[in-house]
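Coordinates in review
Here's the letter readout for the chains.
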Amino acid sequence: LEEAAMLSLRRTHIVGSALQNLATLTELDRRIDAHLYELNVDAESAWVLCEQTLKFDEAGEVFVGAQVALASGIPERIQKIVEIACATPHTLPGLIAALGWLPYARVASLAQSLSVSEIAEHRYVAVAAQALHRVGGDWGQKALHDTSALVQVRACRAVGELGRADLVPQLQVLNQ
C-alpha cells in the first residue's frame, strides 16, 4: 500500500515534468498496476490497511484507498473516500487520479452522481474525472455556469484540455 501510494505521487510529478519520457511513465504505471492487483487479492485486508493510512491525509493514500474502494464496489467505502478527499482539498488529486486510472465505465455512475451533488468539491471531482476520460456531452456547459468558482475554474481548464471550441463563447462571457 505504501509503495503504491508513493508511486502514485511520483507519477503525478512525472506527468507534470518535461524531463520524463513515455517509457518511464509506462514502467511506473506497470508497477502501480502490480501493487494495486496485489492489494485486491485480499481486498478486505487491503481496505483495513487503507482505513488506517487515510488518517495521514495524503493524496497517495487517497489514490490507493479509492482504488480499493472502487474495486470493492461497496458504496459506503466509496462514499468514505469521497468524503475524506473532499474534506482535505490537498488530497483531491489522489481521488481524481484514481477515477482517471479506471475505465470510465467503472466510474461513470459515480461521476454522474457527484456532478449533481450540492457539494462543490463533488462537482469539481466530477468535472475533473469527465475531463480525464475525455467525456463529451453538456456537462461542460453546466459546469461553466456552476455557482462555485472552484467548479467554474476546473470547467474552464477542461474546455482547454478537451479542445471544446464550442464552449469558447461561454468562456468569453465569463471573462467579461
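Residues numbered from 1 in each chain as written. Predicted model: local features only at pLDDT ≥ 70, side-chain atom pairs only at ≥ 80, totals over all residues. Heavy atoms only, no water.

With respect to the layout of surface pockets
In this structure, the largest pocket spans a volume of roughly 640 Å³. Looking at the largest pocket, it is lined by 24 residues, and the ones nearest its centre are Thr12, Pro93, Ile96, Ala97 and Leu132. When contributions to the lining of the largest pocket are tallied by element, the ones reaching two or more residues are helix 1 (2-15), helix 2 (22-41), helix 4 (59-72), helix 6 (92-101), helix 8 (120-132) and helix 10 (149-162). Ranked by residues supplied to the lining of the largest pocket, first place goes to helix 6 with seven residues. Here the residues of the lining of the largest pocket are counted per class, giving 13 nonpolar, five polar and six charged. Space inside the second largest pocket adds up to approximately 240 Å³. Forming the walls of the second largest pocket are 15 residues, and the residues nearest its centre are Ser115, Gln130, Asp138, Trp139 and Lys142. Tallied by class, the residues present in the lining of the second largest pocket amount to six nonpolar, five polar and four charged. (1 Å grid on protein atoms, 1.4 Å probe; cavity = no way out; pocket = protein on both sides within 12 Å on 5 of 7 lines; lining within 4 Å. Points joined across faces, edges and corners; volume = space filled by probe spheres on them. Helix = DSSP H or I, 4+ residues; strand = E, 2+ residues; numbered from the N terminus. Nonpolar A, V, L, I, M, F, W, Y, C, P; charged D, E, K, R; others polar.)

Quick notes on the packing of aromatic side chains
Inspection of the entire model under this criterion finds one aromatic pair. A centroid spacing of 5.7 Å and a plane angle of 85° characterise the contact between Phe63 and Trp101, whose relative ring orientation is edge-to-face. In this pair, Phe63 sits in helix 4 while Trp101 sits in helix 6, placing the two residues 38 residues apart along the sequence. (Phe/Tyr/Trp six-rings, centres within 6.5 Å; stacked < 30°, edge-to-face > 60°.)

Points about the side chain of His133
Tracing the chain through its elements places His133 in the loop between helix 8 and helix 9 (139-144). At a separation of 3.2 Å, a polar atom in the side chain of His133 contacts the main-chain carbonyl oxygen of Leu102. Non-local contacts of His133, meaning those with residues more than four positions away in its chain, are made with Leu99, Gly100, Leu102, Pro103, Tyr104 and Val107. (Polar contact = N/O pair within 3.5 Å; in protein donor to acceptor, adjacent residues only side chain to side chain. Contact = heavy atoms within 4.5 Å.)

A closer look at helix 4
Compared with an ideal rise of 1.5 Å per residue, which puts 14 residues at 20 Å, helix 4 spans 20 Å between its outermost C-alpha atoms and is within 8% of the ideal. All of the buried residues in helix 4 are Ala59, Gly60, Glu61, Val62, Phe63, Val64, Gly65, Ala66, Gln67, Val68, Ala69 and Leu70. Elements in contact with the buried residues of helix 4: helix 1, helix 2, helix 3 (43-53), helix 5 (75-87), helix 6 and helix 7 (104-115). Where helix 4 ends, the next residue or the one after it, Gly73, has phi of about 70°, a positive value. (Expected span 1.5 Å × (residues − 1). Buried < 20%, exposed > 50% of the residue type's maximum accessible area, 1.4 Å probe, protein only.)

Quick notes on helix 2
Along its 20 residues, helix 2 runs 29 Å from first to last C-alpha, staying within 8% of the 28 Å computed at 1.5 Å per residue. Within helix 2 the residues assigned to the buried category are Leu25, Leu28, Asp29, Ile32, Leu36 and Leu39. The buried residues of helix 2 occupy an angular sector of 105° when projected down its axis, which confines them to one face. Residues of helix 2 that are exposed and point more than 90 degrees away from the buried face comprise Ala23, Tyr37, Glu38 and Val41. Tucked into the core, helix 2 has its buried residues touching helix 1, helix 3, helix 4 and helix 6. Its side-chain oxygen 3.1 Å from the backbone nitrogen of Ala23, Asn21 forms the N-cap of helix 2. (Arc of directions from axis to C-beta.)

With respect to the nonpolar core
Formed by 56 residues in total, the largest nonpolar core has its most connected members in Val64, Ile81, Leu95, Leu99 and Val125. The element best represented in this core is helix 8, accounting for eight residues. (Core = buried A, V, L, I, M, F, W, Y, C linked by side-chain atoms within 4.5 Å.)

Things to note about the pattern of salt bridges
Under the criterion given, the structure shown has nine salt bridges. Of the charged contacts in the structure, one is a salt bridge between Lys80 and Glu51, with a shortest N-O distance of 2.9 Å. Within this pair, whereas Lys80 is found in helix 5, its partner Glu51 is found in helix 3, the two being separated by 29 residues in sequence. When its relative accessible area of 32% is taken as the criterion, Lys80 is described as partly exposed. In this structure, Asp146 engages Arg123 in a salt bridge whose closest nitrogen and oxygen atoms are separated by 2.7 Å. With Asp146 in the loop between helix 9 and helix 10 and Arg123 in helix 8, the pair connects residues that are 23 residues apart, well separated along the chain. (Salt bridge = Lys/Arg side-chain N within 4 Å of Asp/Glu carboxyl O.)

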